[in-house]
Amino acid sequence: MVIPGESTVEHGMEDTDLIIIGAGPTGMFATFCAGLREIKSITLESLDTHGGQMLELYPEKIVYDVQAVPKMKAIDLSDKMYEQSRLFNQRIEFNSKVTDVIPENGKFTIEVNDQKKYTAKAILVCGGVGDFHPNKLGIEGEDEYSRKGVYYAVKSVDGFKDKTVAIVGGGDSAFDYQMQLSPVCKKTYIIQHNNTFKAAESSVDAVKRDAKAEIIMNTDVKKINGDGNGVKSMELFDNASKTSRTIEVDAVIVAIGYKVNPSVFKSLNLETSNRYIKVDHNYKTSTEGVYAAGDIANVSDEPKFALIAVGGAEAYIAINNIKKYISPNASLFGGHSSSLKI
Ligand SMILES: Cc1cc2nc3c(=O)[nH]c(=O)nc-3n(C[C@H](O)[C@H](O)[C@H](O)COP(=O)(O)OP(=O)(O)OC[C@H]3O[C@@H](n4cnc5c(N)ncnc54)[C@H](O)[C@@H]3O)c2cc1C
């Protein structure tokens, strides 16, 4: 029984108006917009840093298609976005994986790292491609040399200076990594298990023209060898000629895709389509009070433009609708930011 005047918030839980899930580009802009609309919000990020895909998958690549930013490294763009997200001192908590969102008493209880931690009136899911883990080759030596020569993304080009690097995979990521690394590497290999590439034709042509690149097709990687401290070579099996050989390498980049656990929470019966949470044109999901934006959300069943600027625009629309949901008397549009004096 609830005694009048007594808080319904479970002991130890913190109450807020809005929980934003994810501090990728969409979650960071949503955090800024929540500040702009004076919404009490907490943003929860499972990783120990902001940036989402920008930092995890392509920190050193240059991004050209964000408004007012002619060109900027993804890692620097993420820092700028974080600075903007903190303009109104909204809270962002790292190492905080949202493990469930439970509808209770007209509110939501948010479980973080498997513990009930917050209650909120509304939820905005900006979980992007979700909790992503790179696919592994599953071969001997891979785990032993993980981060000691075996990597799943290029986080610092300089770390590969003067090295011979084998990139396993035939998609855009594999070819992007090759093009990033080639200027600093001694030699690069692209190793593909079959005889086709999924990467853009222009990238494949560029790598074919690169004198420092060798493309090896129809070939499986069987084993990664090292000296205990780092990678020294890898064993290959040519599926066409049925022959084995060993090549000397200093590093292996495994670029064979990601396993994605979309941020769809067991206690929320959200309608989904393919890997997306379905939303309407206000970025509202099938559950009242739950909104979604960015790479995880889609208004149609068609593939979406998964881009930073698109996620930002969606976050803006979602937050203004959330404002109206939380405070029905508020206006939908909060006015131009150029009217602010801060
Ligand atoms: C190689 C590559 C290059 C790209 N280049 C460009 C480009 O040039 N221009 C462009 O506009 N776009 C580019 N993109 C796409 C762009 O990065 C994405 O559209 C953008 O990152 C989507 O942002 P997001 O915040 O929606 O999702 P994400 O970036 O995926 O961020 C989601 C965040 O949510 C967190 N999260 C997920 N689940 C939970 C949970 N349960 N609890 C807490 N936190 C959680 C994740 O850890 C992550 O930090 C590129 C993508 C790739 C892979």
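Right above here is the structure, for reference.
Read on for a plain summary of the structure. Predicted model, so just to flag it, every value in this text is computed and none were measured. (Residues numbered from 1 in each chain as written. Predicted model: local features only at pLDDT ≥ 70, side-chain atom pairs only at ≥ 80, totals over all residues. Heavy atoms only, no water.)

### A short note on the overall build of the chain
Definition in use: Labels follow the DSSP assignment, with helices taken as runs of H or I lasting at least four residues and strands as runs of E lasting at least two, numbered in each case from the N terminus. Here the term buried applies to any residue with accessible area under 20% of the maximum for its type, exposed to any over 50%, and partly exposed to those in between, with areas from a 1.4 Å probe on protein chains only. In what follows, a contact means two residues having at least one pair of non-hydrogen atoms within 4.5 Å. Note on areas: these come from Shrake-Rupley sampling with a 1.4 Å probe, and a residue is covered only by the protein chains present in the view. Charged residues are defined here as Lys and Arg on the positive side and Asp and Glu on the negative side; His and the ends of the chain fall outside this count. Throughout, a charge is located at the NZ atom of Lys, the CZ atom of Arg, the CG atom of Asp or the CD atom of Glu.
The number of helices and strands found in the chain is six helices and 22 strands. In terms of its C-alpha atoms, the chain occupies a principal-axis envelope of roughly 75 × 45 × 35 Å. The proportion of buried residues among the 342 residues of the chain is 47%. Counting only contacts in the chain whose residues sit at least 6 apart along the sequence, the fraction spanning at least 24 positions is 60%. Accessible area for the chain stands at about 17400 Å²; split by element, carbon and sulfur atoms hold 49% of it. Across the chain, the centroid of the 39 positively charged side chains sits 2 Å from that of the 45 negatively charged ones.

### What to know about the packing of helix α1 (residues 25-36) against helix α6 (residues 308-326)
The condition that has to hold: Each axis is a line fitted through C-alpha atoms, taken for helices only over the stretch in contact, and angles between the N-to-C directions span 0 to 180 degrees. The crossing is said to be left-handed when, going from far helix to near helix, the turn is anticlockwise and less than a right angle, and right-handed when the turn is clockwise. Amino acids are sorted into nonpolar (Ala, Val, Leu, Ile, Met, Phe, Trp, Tyr, Cys and Pro), charged (Asp, Glu, Lys and Arg) and polar (every other residue, Gly among them).
Packing of α1 against α6 leaves a shortest axis separation of 8 Å and a crossing angle of 35°. Of the two possible hands of crossing, α1 and α6 adopt the one that is right-handed. For the pair α1 and α6, the contacting residues are P25, T26, F29, A30, C33, A34 and L36 in the first and I308, G311, G312, A315, Y316 and I319 in the second. Residue composition of the contact of α1 with α6, grouped by class: ten nonpolar, three polar and no charged.

### Examining the nonpolar core
The condition is simple: The criterion is simple. A nonpolar core is a set of buried Ala, Val, Leu, Ile, Met, Phe, Trp, Tyr and Cys residues joined through side-chain atoms within 4.5 Å.
L18, I110, L124 and I319 are the most contacted members of the largest nonpolar core, which has 40 residues in total. Looking at this core, the elements that each hand over two or more residues are β1 (14-21), α1, β2 (41-44), β6 (98-104), β7 (107-112), β8 (115-125), β21 (290-292) and α6. The element that contributes the greatest number of residues to this core is β8, accounting for six residues. Residues within four places of I319 in sequence aside, it is in contact with L18, I20, A30, C33, A34, R37, I39 and L124. Counting residues in each nonpolar core, the second largest holds 19 residues, with I190, V204, V207 and I253 among its members.

### Quick notes on the sheet that holds strand β19 (residues 272-273)
The test is simple: For two strands to be treated as a pair, DSSP must find no fewer than two bridges joining them.
Strands sit in the order β19-β20-β22 across an open sheet of three strands; the sheet is mixed. The open sheet terminates on both sides in strands that have one partner only, identified here as β19 and β22 (297-298). For β19 and strand β20 (residues 276-278), the ladder comprises two bridges, and the chain directions are antiparallel. Bridge pairing in β20 places T272 opposite I277.

### Details of the packing of aromatic side chains
In this description, an aromatic ring pair is defined by two values, namely the gap between the centres and the angle between the planes. For clarity, the cut-off: Any Phe, Tyr or Trp ring, taking Trp's six-membered ring, that has another such ring centre within 6.5 Å forms a pair; planes under 30 degrees apart are called stacked, those over 60 apart edge-to-face, and the others tilted.
Taken as a whole and judged by the stated rule, the model has six aromatic pairs. Both rings, one in Y291 and one in Y325, keep their centres 6.3 Å apart while their planes meet at 65°; by these two values the pair is edge-to-face. Linking Y291 in strand β21 with Y325 in helix α6, this pair joins segments that are 34 residues apart in sequence. Here Y325 falls in the partly exposed class, since its relative accessible area comes to 28%. One aromatic cluster is present, formed by F29, F32 and F88 through successive ring pairs.

### Section: the pattern of salt bridges
Opposite charge on two side chains permits them to pair, given that their charged atoms come into close proximity. Convention followed: Salt bridges are identified by distance alone: a Lys or Arg side-chain nitrogen within 4 Å of an Asp or Glu carboxyl oxygen.
Tallied over the entire structure, the rule returns 18 salt bridges. With a shortest N-O distance of 3.7 Å, D100 and K266 are connected by a salt bridge. One end of the pair, D100, is in strand β6; the other, K266, is in the loop between β18 (258-261) and β19, with 166 residues separating them in the sequence. A residue is classified by how much of its surface remains accessible, and D100, at 2% relative accessible area, is buried. Across the pair K232 and D227 runs a salt bridge, and its minimum N-O distance is 3.8 Å. Judged by relative accessible area, which is 45%, D227 ranks as partly exposed. Residues joined in a network through salt bridges with shared partners are E14, R91 and E93.

### Brief notes about unusual backbone geometry
Unlike most non-glycine residues, D114 shows phi in positive territory, near 70°. Mapped onto the elements of the fold, D114 is located in the loop between β7 and β8. According to the relative accessible area criterion, D114 is exposed, its value standing at 59%. Positive phi outside glycine occurs at N218, with the angle close to 50°. Structurally, N218 is set in the loop between β13 (213-216) and β14 (219-226).

### A closer look at helix α4 (residues 172-181)
Among all positions in α4, only A174, F175, Y177, Q178, Q180 and L181 are buried. On its buried face, α4 is in contact with α2 (53-57), β11 (164-168), β12 (187-191), α5 (201-209), β13 and β17 (251-254).

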